[in-house]
Amino acid sequence: MKKIFHTLSLALLSAGAVLTTSCVGDLDQLPHIEQTSSTVYTSVDNYKAVLGKLYVSFTIAGQEKGGGKADLTSNKGWDYMRNYFNMQECGTDEVVYTWLAGDNMTGLTYLTWDANDLLVSDMYYRLFYNIALCNEFLRNATDERIASFSEAEQEEIRHYRAEARFLRALAYYHAMDLFRNIPFVTEADPVVGYVPPRYTSAQVFAFVESELQAIDGDLLDRTACEYGRACRQAAYALLARLYLNAEVYTGEARWTDCITYCHHVMEAGYELEEDYAKLFNADNHLRTNEIIFAFPVDALHTTSWGTTTYLICGAINNASDTQNPADYGAVSGWGNFRMRGELPSLFSDGDRRAMFYTEGQTLDIDVVENQAYGYLSVKWTNLTDDGQAASNTTSDGASTDFPVFRLADVYLMLAEAVVRGGQGATAAEALGCVNQVRERAYGDTSGNIVEAQMTTDFLLDERARELYTECVRRTDLIRYNRFTTADYLWQWKGGARDGQAVDGKFNYYPIPSTELTANPNLYNEGY
């Protein structure tokens, strides 16, 4: 069986494991408590089961198939990664959403959201729910708490503890990137009656950095780590991404540190997968040569109507007479989103990463809510290597994992950091990394570039070509100061057909108004 952590205890949380950011406004809390921590945290197997919940809370929304017995009763009830995809992609030059009114997606699509936006609220509470789960696990994994276990068992739990800290750091990184200045709470804070302080993005950055560095010795190396668990190199990749965007969060560039941690990943022996498409199919759990860390998804044990089920079915036109969902291992298309014209236009002939369905589709989007406008991404599939559907996406969801970090991204991060002046790698090394990515894309050296072509503008476009729909585009555009400004316009940016600049406040999302009411320490700037 390819996935880990499938059998999860419903007795996950003690009575204190609620969202500790505040009173959580209009959300109903459903922690599904059947036992207390004193009966749950009694064996290494139970610790691992609870750790499994920390992982799958990024990909499913509840305790049962498709989000049944929901962890949170919220506006849409979508899982973490479906929300995160929408926040990172749907306002950019990559994705345009179809069902604007029905799915409350107008604000995200046109960069016009406010503090009352339902989907912004859903993402916010999903983030802090996951953080709360990690905090509760860590309260019960202290050295004192596990002292009664054997030394071998304690060592195993210390690995689990480091992974929980990694997952919390990942969630805090996402929260900082999306919302900037946020409430901050750890396992050391009281569970009841505590009103978290407001941390600036620089303070959150410092916490994430220190956490990832502190767990270095307790995370397993990739060679000893079960698939789906965070290895030491996953923490290195997150640090590299943190440093790549450091100037946005702290005002101080950290290009050299980015290069250092890219090297730490590269020293672990990863290699690019020869076939780009196989990184995004239902057998992508076999691509551990390139994929550093992934969220496992499968139809039997982690059934989700979000995450990769969403990426596969959501990109298939459900009003087309020509596109066949079975070609992608799907039973039906949902028609949620298409590609804005700027993305396909970045690709040159021969680039095999340009995986778009074009028959009956226009390149340009003249009508947002008409599925005939805009190419369809077919990068993600529910097909195995031999071309068979891995599952029934209508009843069981997809079985394609979501790669969170992979080597090609690390290569491109290193190259950008070098071009921007970082030390520790030469321009020749950076160029070699870029050309390895492009040789895979073209199947030969015909797409290779020379050093003079390796500019920041080129690398922004190359990241789009390599990483489109992988939840990095918004962050990349903000780092380049092009997400809200007139320096780069795309179709329907700001709600205008040919694009327009928007207020700089849209470089981050607002803390939901319900949260502002509950926590007097919080406030929004610009909203």
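Above: the structure in question.
Computed from a prediction, not measured in an experiment: that's the story for all the values here. (Residues numbered from 1 in each chain as written. Predicted model: local features only at pLDDT ≥ 70, side-chain atom pairs only at ≥ 80, totals over all residues. Heavy atoms only, no water.)

Observations concerning the overall build of the protein chain
Rules: Only runs of H or I of at least four residues qualify as helices and only runs of E of at least two qualify as strands under DSSP, and these elements are numbered from the N terminus. In this setup the radius of gyration rests on C-alpha atoms only. A globule is expected at 2.2 Å times the number of residues raised to 0.38. Classification of residues uses two cut-offs on accessible area relative to the type maximum, computed with a 1.4 Å probe and protein chains only: under 20% is buried, over 50% is exposed, and between them is partly exposed. In what follows, a contact means two residues having at least one pair of non-hydrogen atoms within 4.5 Å. The method behind every accessible area is Shrake-Rupley, applied with a 1.4 Å probe, and residues are considered shielded solely by the protein chains displayed. Only four residue types enter the charge count, namely Lys and Arg as positive and Asp and Glu as negative; His and the chain termini do not. A charged residue contributes its charge at one atom only: NZ of Lys, CZ of Arg, CG of Asp or CD of Glu.
Scanning the protein chain from terminus to terminus reveals 16 helices and twelve strands. Taken against the 2.2 N^0.38 rule, which gives 24 Å for 527 residues, the C-alpha radius of gyration of the protein chain at 22 Å falls within 12% of a compact globule. Over its C-alpha atoms, taken along the principal directions, the protein chain stretches across nearly 65 × 50 × 50 Å. Counting across all 527 residues of the protein chain, residues that qualify as buried make up 63%. Partitioning the intrachain contacts of the protein chain with sequence separation of at least 6 by distance along the chain shows that 70% fall at a separation of at least 24. As presented, the protein chain carries roughly 17800 Å² of accessible surface, and 47% of it is formed by carbon and sulfur atoms. Here the protein chain contributes 42 positively and 72 negatively charged side chains, and the mean placements of these two sets differ by 1 Å.

Focus on unusual backbone geometry
Unusually for a residue other than glycine, Asn-104 sits at a positive phi of about 55°. Relative to the helices and strands, Asn-104 is located in the loop between strand S5 (95-97) and helix H4 (106-110). Within the chain, Thr-469 stands out as a residue other than glycine whose phi angle is a positive 65°.

Comments concerning the packing of aromatic side chains
What counts is decided by this rule: In this scheme Phe, Tyr and Trp rings, the latter by its six-membered ring, pair at centre separations within 6.5 Å, and the angle between planes marks the pair as stacked below 30 degrees, edge-to-face above 60, and tilted otherwise. Any Lys NZ or Arg CZ that is within 6 Å of a ring centre and within 35 degrees of that ring's normal is treated as a charge sitting over the ring.
One pass over the full model with this rule turns up 40 aromatic pairs. For the pair Tyr-41 and Tyr-47, a centre-to-centre distance of 4.9 Å together with 55° between the ring planes defines the contact as tilted. A relative accessible area of 2% places Tyr-41 in the buried class. On the numbers, 5.4 Å between centres and 70° between planes, the contact of Tyr-310 with Phe-337 is edge-to-face. Of this pair, Tyr-310 sits in helix H11 (residues 307-313) while Phe-337 sits in strand S9 (residues 337-339), and the two are 27 residues apart along the sequence. A cation sits over an aromatic face here: Arg-82 above Trp-78, 4.0 Å from the ring centre. It is Lys-379 that lies over the ring of Phe-280; its NZ or CZ is 4.5 Å from the centre.

Description of the packing of helix H6 (residues 151-179) against helix H7 (residues 201-214)
The test is simple: All axes here are fitted lines through C-alpha atoms, helices being fitted over the stretch that makes contact, and every angle between N-to-C directions spans 0 to 180 degrees. Each angle is binned into one of four classes, with values under 35 degrees roughly parallel, values over 145 roughly antiparallel, values of 65 to 115 roughly perpendicular, and all other values oblique. In this scheme the handedness of a crossing depends on how the near helix is turned from the far one: anticlockwise by less than a right angle means left-handed, clockwise means right-handed. The nonpolar class holds Ala, Val, Leu, Ile, Met, Phe, Trp, Tyr, Cys and Pro. Asp, Glu, Lys and Arg form the charged class, and all remaining residues, Gly among them, are polar.
For the pair H6 and H7, the least separation of the axes is 9 Å and the interaxial angle reads 160°. On the basis of the axis angle, H6 is roughly antiparallel to H7. The interaxial crossing formed by H6 with H7 has left-handed handedness. Side by side, H6 and H7 meet where Arg-165, Phe-166, Arg-168, Ala-169, Tyr-172, Tyr-173 and Met-176 of the first sit next to Ser-201, Val-204, Phe-205, Phe-207, Val-208, Glu-211, Leu-212 and Ala-214 of the second. The class makeup of the residues in the contact of H6 with H7 is eleven nonpolar, one polar and three charged.

A word on the pattern of salt bridges
Filter applied, for reference: Here, a salt bridge means any Lys or Arg side-chain nitrogen found within 4 Å of an Asp or Glu carboxyl oxygen.
This structure, assessed with the given rule, holds 40 salt bridges. The residue Glu-136 makes a salt bridge to Arg-139 at a minimum N-O spacing of 3.1 Å. Of the two residues, Glu-136 and Arg-139 both sit in helix H5 (residues 118-139), three residues apart, roughly one turn of that helix. With respect to burial, Glu-136 and Arg-139 carry one shared label: buried. When the shortest N-O distance is used, the salt bridge between Arg-497 and Asp-498 registers 3.1 Å. Under the relative-accessibility criterion, Asp-498 is labelled exposed at 60%. Where salt bridges share partners, they join Glu-290, Asp-351, Arg-353, Lys-379, Arg-406, Arg-438, Arg-440, Glu-462, Arg-465, Glu-466 and Glu-470 into one cluster.

So, helix H14 (residues 456-467)
Each turn of an α-helix holds 3.6 residues, which means side chains three or four residues apart point in the same direction. Filter applied, for reference: Each residue after the first adds 1.5 Å to the expected span of a helix.
A rise of 1.5 Å per residue sets the reference length of H14, with its twelve residues, at 16 Å; its end C-alpha atoms lie 16 Å apart and thus fit the reference within 8%. Burial analysis of H14 places nine of its twelve residues in the buried class, which makes it a mostly covered element. Looking at the buried residues of H14, the elements they touch are strand S12 (402-406), helix H12 (407-419), helix H13 (427-442) and helix H15 (473-479). Just downstream of H14, Thr-469 is the residue with a positive phi angle, here 65°.

Points about empty space enclosed by the protein
The condition that has to hold: Both cavities and pockets are sets of points on a 1 Å grid over the protein atoms alone; in a cavity a 1.4 Å probe fits but cannot get out, in a pocket the set is open with protein on both sides within 12 Å along at least five of seven lines, and lining residues sit with an atom within 4 Å of a point. Grid points are joined across faces, edges and corners, and a volume is the space filled by probe spheres set on the points.
Considering all chains together, one arrives at five cavities of 30 Å³ or more under this definition. A volume near 90 Å³ is recorded for the largest cavity. At the level of elements, helix H3 (80-89), H6, helix H8 (232-244) and S12 are the ones that each hand at least two residues to the lining of the largest cavity. For the lining of the largest cavity, the per-class residue count stands at ten nonpolar, one polar and two charged.

Things to note about the nonpolar core
For the record, the criterion: Residues belong to one nonpolar core when they are buried, are Ala, Val, Leu, Ile, Met, Phe, Trp, Tyr or Cys, and are joined through side-chain atoms within 4.5 Å.
Judged by nonpolar contacts, the single largest core of 162 residues is most densely connected at Phe-137, Phe-166, Tyr-172, Phe-179 and Phe-293. Sorting elements by how many residues they give to this core places H6 first, with 15 residues.

Things to note about the side chain of Thr-307
By the element assignment, Thr-307 lies in helix H11. Overall, the relative accessible area of 4% leaves Thr-307 in the buried class. Dropping the residues within four chain positions of it, Thr-307 is found in contact with Phe-58, Thr-59, Asp-79, Met-81, Arg-82, Val-297 and Phe-402.

Here's the deal with the pairing of strand S8 (residues 291-295)
Convention followed: The pairing criterion for strands is at least two bridges between them, as found by DSSP.
With five of five residues buried, S8 lies mostly within the body of the structure. Examined bridge by bridge, S8 and S12 share four bridges and lie antiparallel to one another. Across the sheet, Ile-291 pairs through a bridge with Arg-406, a residue of S12.

A few points about H13
Taking 1.5 Å per residue as the helical rise, H13 with its 16 residues ought to reach 22 Å, and the 22 Å between its terminal C-alpha atoms agrees with that figure. Within H13, the full set of buried residues consists of Ala-430, Leu-431, Cys-433, Val-434, Asn-435, Val-437, Arg-438, Arg-440, Ala-441 and Tyr-442. The elements touched by buried residues of H13 are helix H10 (255-266), S12, H12 and H14. Immediately downstream of H13, the backbone of Gly-443 shows phi near 80°, a positive value.

Digging into the environment of Tyr-41
On the secondary structure map, Tyr-41 appears in the loop between helix H1 (37-40) and helix H2 (44-56). In sequence terms Tyr-41 and Asn-140 are 99 residues apart; their C-alpha atoms lie 7.1 Å from each other.

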